[in-house]
Amino acid sequence: MSIFTEKVGMTRRQFLKGSGMLAVAVIVTGVFAKIGFDAFAASDEYIDQRIAGLYTLDEQMAIRKSHENPEIIQIYQDFLSPGEQKYLSEKAHHLLHTKYGKDIPAFIEELNQHRDVA
Amino acid sequence: MLSSIVLSNGIIQVTDKCKACDHCTSICPTHAIKGRLGEKHHIEIRKCINCGQCLINCPFGAINDVSMVDERIIKALKDPNKFVVVQEAPAVRVALGEEFGQAPGTNVKHKMYAALRKLGFDKVYDTEFTADLTITEEGTELIYRVFNALGVPGYEDFGPLPQFTSCCPAWVKYAEDKYPHVLPHISTAKSPQQMFGAISKTYLAEKLGVDPSSIYSVSVMPCTAKKYECDRPEFMVSGFRDVDAVMTTRELAQMIKSAGIDFMSLEDEQADRFIGASTGAATIFGATGGVMEAALRTAYEVLSGETLGKVEFKAVRGRKPVREATVEIPVKALGGKVLPVNVCIVTGTKYVDPVIEDVLAGRSKYHFIEVMNCPGGCINGGGQPIRRDTY
Amino acid sequence: MSEEVIKGKVLKHDTQTRTMHWLHLLAFIILGLTGIGFYWDIAGIANIFGGPANASLVHRWAGVVFTVGPILYILLNFDRFSRFVDTITSFSRDDFAWLKTMGGYVPFIKIEEVPPQEKYNAGQKILGILIIIGCILIIITGFPMWLWCDVVSSAFLAICYNVHFWTAIIMILLVLGHFFLAAIHPKSRVEFASMMLDGYIDAEITAEHNAKWFAELQKTE
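Because the structure is predicted, anything quoted here is derived from the model rather than measured.

As for the overall build of chain A
(1) Moving on: Counting its secondary structure elements, chain A contains five helices and one strand.
(2) Moving on: Along chain A, from the amino end to the carboxyl end, the secondary structure elements read β-α-α-α-α-α.
(3) Moving on: Over its C-alpha atoms chain A spans a radius of gyration of 36 Å, topping by over 25% the 13 Å that the globule rule assigns to 118 residues.
(4) Moving on: If one aligns the C-alpha atoms of chain A with their principal axes, the spans along those axes are about 115 × 45 × 15 Å.
(5) Moving on: Counting over 118 residues, chain A shows a buried share of 38%.
(6) Moving on: Once local pairs closer than 6 in sequence are excluded, the contacts in chain A between residues at least 24 apart make up 0%.
(7) Moving on: Roughly 6,800 Å² of accessible area belongs to chain A as shown, and the carbon and sulfur atoms make up 62% of that amount.
(8) Moving on: Within chain A, one finds 13 positive and 16 negative side-chain charges whose respective centroids are separated by 18 Å.

And the structure:
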């Protein structure tokens, strides 16, 4: 009974093919990793584009300062501080300011009382 | 009731579609998402600030936000007794177009007004108006806090420096949950959304001669935390809910699509009178550093009495999570003394802790600190269109 | 050739080859099982491995074995690997003829004579190529999900998950087919013992199934 075994070693062609396959695997992995990192770098470009959109819009506006908004001037003149341009007036403080955290329950109480008086 | 769900469970929920990839736990600024890789995740409600960053960053669209569209907005629009008014945040107008094939940053403000009228809103206003109002109130508050710190008599009622902004409801909830001692530093000014709610049911009702009880105030926001904010119990200064319902940019796009409106071919329209006019300062509220820049434009002119030649403060712009700048303002009330105002801008709540620690330890050199929860500002909020084409 | 009785044995698979095959197979079974459990939310499967989080841990470390096993084998046995790659990537006229008759495995395709084959027949060659491609894809999509899950963008992560899933499904089907032909089909189940046990196969069978290769072996004798 005879035992047949394969010849060890490899021919030039086999070596090239074997290394070629390894090289392909390494390149595919590298390309994939590059795609991943590029993708990550590009993944928040839309944030810059949206920000740029807002700044462009700002530049196109005729009025670019809040206190020059004609309707802001009007709401203080007509309603929040009648007859004058007083920021943080009593009415503005009542309508436009709030409280935080543990002050909230007392604040709600205060608002309810204010309504009963009014 | 929807409002009790909102207040007890929050806005953000992880659904069964969760693939346990663990991506969101690194996104969450408050470590509110529990679950290891391989385990379905869930949100710890106590820690969640409803910012929705996990939602827009979930690879599988497995995270949902509570919708108020069907239960509140559609009902109000169908109710003939309701006078429905709507406000839209600055960040919505440069992102809404993305849902209709436009590039990010395309301004669709005027088409948005037209679409909202078509959807049946009785009056279309703009959050930018109350953003301007926020600047006059919050900016003035800052000036008074500075006077208080300088020992000018008559300003003792105002809080300590530095002053934090209060526009971002996610940041406010974070401070309330984790740093109650920093609350006196947060501006008492309401956020623009809540100011609009209060104004719409008082001033606007008066101007238009409409019964405030019939006014239904809706807002379109780039934000999921705004939904939580509108249901917070203290916002009822008008005697009613100040803001009745909030929808996100995504939900507005969905409403426009299901109403069969051809958005991009709409004629340009303008916002309505009284509380619809806006300025460039309000527009940039949607970007990180925008509130700061808007406040500086007004504070500089009010304090110095001079007119700004160049309105841009480029130093506060950018995308870095923590930025600082110094602006020198000559103060007329102090005889022309130049006051160097140190400002700081934080975008991303996960970067705010060291800034707060400094403030609490008394080491902070800043006068005014802007905090926005979402990286890049409101334009990258949890309610904005989800980008799937950029990898 | 069929007239003459050939005695003797052929060493078809070396010890290291068989060890690698075993290691890869066991890792593959664990990975496939846990993976199926994750995708379809089968609690039973996760519980075998001690809950979803632990099952995921098992999946990841089995993935390491799945990756490191073949790499070690290739580095230690570069000549074997090279010959293997050469064999499976060279298609001769006989191979195409074999594919036309499907090697006589498909009952309704009539065959007169199966063309002589090398160490691996044309079907095995195609399987080999597909398994190599599949392994590369599944490995390079697998590790980002684990190591980079908080670094990469969500859309990239979604691509990884999808490619990983579909590659896995195709690989599982391929391996099931491979198992059927190599261990169950009466025509070729003798192969099972050579890969899974001692590495030897009867010379007579080799002469019939892999005539070209056997002729080469006889030449070198």
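Details of the pairing of strand 9 (residues 245–248) of chain B
Residues and elements named next belong to chain B.
(1) Moving on: Here strand 9 shows two buried faces, one formed by A245 and M247 and the other by V246 and T248.
(2) Moving on: For strand 8 (residues 215–221) and strand 9, the ladder comprises four bridges, and the chain directions are parallel. The residue bridging M221 from the neighbouring strand is T248, located in strand 9.
(3) Moving on: A crossover connection joins strand 8 to the parallel strand 9 through helix 11 (residues 225–230); in handedness this β-α-β unit is right-handed.

Re the nonpolar core
Residue and element names in this part refer to chain B.
(1) Moving on: Formed by 110 residues in total, the largest nonpolar core has its most connected members in L96, F121 and W171.
(2) Moving on: Looking at this core, the element that brings in the most residues is helix 14 (residues 290–304), giving seven residues.
(3) Moving on: Residues from two domains meet in this core; each of domain 1 (2–66) and domain 2 (67–391) gives at least three.
(4) Moving on: When residues no more than four places from it in sequence are discounted, the contact partners of W171 are F164, T165, I186, V352, I356 and V371.

Quick look at the sheet that holds strand 12 (residues 368–372) of chain B
(1) Moving on: Taken in spatial order, the four strands make up an open sheet running 7-12-11-10 (chain B), and their pairing is mixed. Each edge of the open sheet carries a strand with a single partner, namely strand 7 (163–164) and strand 10 (322–331) of chain B.

Here's the deal with the environment of B:A95
(1) Moving on: Tracing the sequence through the fold places B:A95 in the loop between helix 5 (90–93) and helix 6 (109–118).
(2) Moving on: Among residues more than four places away in sequence, those in contact with B:A95 are A:R50, B:Q384 and B:P385.

What to know about the pairing of strand 11 (residues 337–347) of chain B
Residue and element names in this part refer to chain B.
(1) Moving on: Among the eleven residues that make up strand 11, eight are buried, leaving the element largely enclosed by the rest of the structure.
(2) Moving on: In textbook terms, the turn of a hairpin is the stretch between consecutive antiparallel strands, and for strand 10 and strand 11 this stretch comprises five residues, one of which, G335, has a positive phi near 70°.
(3) Moving on: Inspection of the sheet shows strand 11 paired to strand 12 by five bridges, in the parallel sense. Among the inter-strand pairings, I345 is bridged to a residue of strand 12, identified as E370.

What counts, and where the lines are drawn
- Residues numbered from 1 in each chain as written.
- Chains lettered and ligands numbered in written order.
- Predicted model: local features only at pLDDT ≥ 70, side-chain atom pairs only at ≥ 80, totals over all residues.
- Heavy atoms only, no water.
- Helix = DSSP H or I, 4+ residues; strand = E, 2+ residues; numbered from the N terminus.
- Rg over C-alpha atoms; globule rule 2.2 N^0.38 Å.
- Buried < 20%, exposed > 50% of the residue type's maximum accessible area, 1.4 Å probe, protein only.
- Contact = heavy atoms within 4.5 Å.
- Areas by Shrake-Rupley, 256 points an atom, 1.4 Å probe, with all protein chains shown as cover.
- Lys, Arg positive; Asp, Glu negative; His and termini not counted.
- Charge placed at Lys NZ, Arg CZ, Asp CG, Glu CD.
- Pairing = 2+ DSSP bridges.
- Right-handed = clockwise from strand over helix to strand, strands pointing away.
- Core = buried A, V, L, I, M, F, W, Y, C linked by side-chain atoms within 4.5 Å.
- Domains from an automatic or database assignment.

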